[in-house]
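Residue-level structural notes
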Amino acid sequence: MKRRVALVATLVIVALCLGGLFGRLWAQKTGSLMDSLQTFSRVVDIVMSTYVERINPDKMIRAGIRGMLSSLDPHTEFLDERDFKELQVMTEGEFGGIGIHIGIVDKQLTVISPIEGSPAERAGIRGGDRIAQIEGKSTEDYTTDDAIKVLRGEPGSKVKIGIARPGVKDLIPFELTRAIINIKAVPYAALLGDGIAYVRLADFSKTAGDEVGHAIDSLFHAGATKLIFDLRTNGGGLLAEGRDVSDLFLPPGEVIVKTAGRIPDSKHEYVAETQDAHGDQYPLVVLVDRAS
């Protein structure tokens, strides 16, 4: 009986020691996080109360979130409601506007590329053009969001922009009529001759896999034996469409992409499933640039 009491007492002591150890570790972990959050809160409070200009707290907190995530890797982003709607517009492939992909290059609002068949392309706007003015106002401090708000609008309405083009001294004025922009994942595909097929994939929107597959099938049935696959200025898109496009070029069982994370449901391995319709031995050239 004494041995049993001693054994129980020993187990209780061990449990208390382990419990104390784990408790201290947990306290250190949560304490460190709380200390960091308190530091952040103090900085926000100091800035809000002493900065020379009045600060929008929501704007500052969102900037802080983006800064925090930017320290992880280039692809982890915070999407607020407006950003998420913009992502949906681009992946759904239809919106009202003038039809350009824009970005900030050297701190200037820049046309990355016009969308094929859009008002911007028909008017002669080119990739690399700098949008210096919108409706007569300078775009010097514009973000891409600022520009999108002004350039998007009801089909049939007009917008005036001033373009600064390398090699041209003066601004080039354009008055563009907004239209419904239907973004085709494959805006152009053709048989160039000598059995060479050319397929341009502009983005990985929701129809990319079907459009690329249809284009390749049509061109190879028309006599193509080689392929140029153009991914220049393709900024990406949906993971599912990236998988489906890759499946067109890889043999069954080949790993396309893996996703990983600490949440069990985030771990996936996507493999090619379909047999290549046209074999895997034809010459293939893939075109990319720094905007791909």
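So, how was this worked out
- Residues numbered from 1 in each chain as written.
- Predicted model: local features only at pLDDT ≥ 70, side-chain atom pairs only at ≥ 80, totals over all residues.
- Heavy atoms only, no water.
- Salt bridge = Lys/Arg side-chain N within 4 Å of Asp/Glu carboxyl O.
- Helix = DSSP H or I, 4+ residues; strand = E, 2+ residues; numbered from the N terminus.
- Buried < 20%, exposed > 50% of the residue type's maximum accessible area, 1.4 Å probe, protein only.
- 1 Å grid on protein atoms, 1.4 Å probe; cavity = no way out; pocket = protein on both sides within 12 Å on 5 of 7 lines; lining within 4 Å.
- Points joined across faces, edges and corners; volume = space filled by probe spheres on them.
- Patch = residues over 30% accessible without salt bridge, like charges linked within 9 Å, V, L, I, M, F, W, Y side chains within 5 Å.
- Areas by Shrake-Rupley, 256 points an atom, 1.4 Å probe, with all protein chains shown as cover.
- Phe/Tyr/Trp six-rings, centres within 6.5 Å; stacked < 30°, edge-to-face > 60°.
- Expected span 1.5 Å × (residues − 1).
- Polar contact = N/O pair within 3.5 Å; in protein donor to acceptor, adjacent residues only side chain to side chain.
- Contact = heavy atoms within 4.5 Å.
- Core = buried A, V, L, I, M, F, W, Y, C linked by side-chain atoms within 4.5 Å.
- pLDDT = per-residue confidence, 0-100.

Think of it this way: side chains of opposite charge can pair up when their charged atoms draw near. Inspection of every chain in the model, using the stated rule, returns six salt bridges. R62 is the salt-bridge partner of D58, the closest N and O atoms lying 2.8 Å from each other. Note that D58 and R62 are positioned in helix 2 (residues 57–70) at a spacing of four residues, about one turn of the helix. Residue class for D58 comes out partly exposed when judged on its relative accessible area of 44%. Between R232 and D230 there is a salt bridge, with the nearest N and O atoms lying 2.7 Å from each other. Among the residues examined, R232 registers a relative accessible area of 36% and is labelled partly exposed.

Bringing the layout of surface pockets into the picture now. Considered as a void within the structure, the second largest pocket measures approximately 270 Å³ in volume. Looking at the second largest pocket, the residues that line it are D58, K59, R62, A63, R66, D80, R82, T143, T144, D145, D146 and K149. Among the elements of the structure, helix 2 and helix 5 (144–151) are those that each provide at least two residues to the lining of the second largest pocket. Per-element accounting of the lining of the second largest pocket gives the leading share, five residues, to helix 2.

Among the surface-exposed residues, L33, M34 and L37 lie close enough to one another that they form a single nonpolar patch of about 290 Å² accessible area. With respect to the helices and strands, M34 occurs in helix 1 (residues 2–50). M34 gets classed as partly exposed once you look at its relative accessible area, which sits at 44%.

By the definition in use, this model includes three aromatic pairs. Considering the side-chain rings of F229 and F249, the 5.2 Å spacing of their centres and the 40 degrees angle between planes classify their relative orientation as tilted. With a gap of 20 residues between them, F229 in strand 11 (residues 226–230) and F249 in the loop between helix 7 (239–247) and strand 12 (255–259) connect regions that are remote in the sequence. The buried category is assigned to F229, whose relative accessible area is 6%.

The next point concerns helix 2. Helical geometry: 3.6 residues make up each α-helical turn, so side chains three or four residues apart lie on a common side. Across its 14 residues, helix 2 extends 20 Å between first and last C-alpha, which sits within 8% of the 20 Å expected from 1.5 Å per residue. For helix 2, the side-chain oxygen to backbone nitrogen distance between the N-cap and D58 is 3.0 Å, and the N-cap itself is N56.

Turning our eyes to something else, we now look at unusual backbone geometry. Despite not being glycine, D106 shows a phi value in the positive range, around 50 degrees. Topologically, D106 is positioned in the loop between strand 2 (100–105) and strand 3 (108–114). What makes D106 exposed here is its relative accessible area of 61%. Even without being glycine, E135 reaches a positive phi, approximately 55 degrees. You can see E135 is positioned in the loop between strand 4 (130–134) and strand 5 (137–138). By relative accessible area, which is 42% here, E135 ends up partly exposed.

The next point concerns the environment of L219. Here L219 is to be found in helix 6 (residues 208–221). C-alpha of L219 to C-alpha of A189: the two residues are 30 residues apart in sequence and 8.1 Å apart in space. Residue contacts for L219: discarding those within four places in its chain leaves A189, A190, L191, A197, Y198, V199 and A224.

Turning our attention to the nonpolar core. The tendency in soluble globular proteins is for nonpolar side chains to be buried as a group. One finds V199, L201, L227, F229 and V245 to be the most contacted residues of the largest nonpolar core, which totals 19 residues. Elements with a minimum of two residues in this core: strand 10 (196–200), helix 6 and strand 11. With six residues, the single largest contributor to this core is helix 6. Aside from chain neighbours lying at most four places away, what touches V245 is L201, F204, A208, G209, V212 and F229. I100, I102, V111 and F174 belong to the second-largest nonpolar core, a separate cluster that totals 16 residues.

Mean pLDDT over the protein chain works out to 83, with 87% of the residues at or above the 70 mark. pLDDT under 50 marks residues 1–19. Its contacts with residues more than four places away, or in other chains, come to zero contacts.

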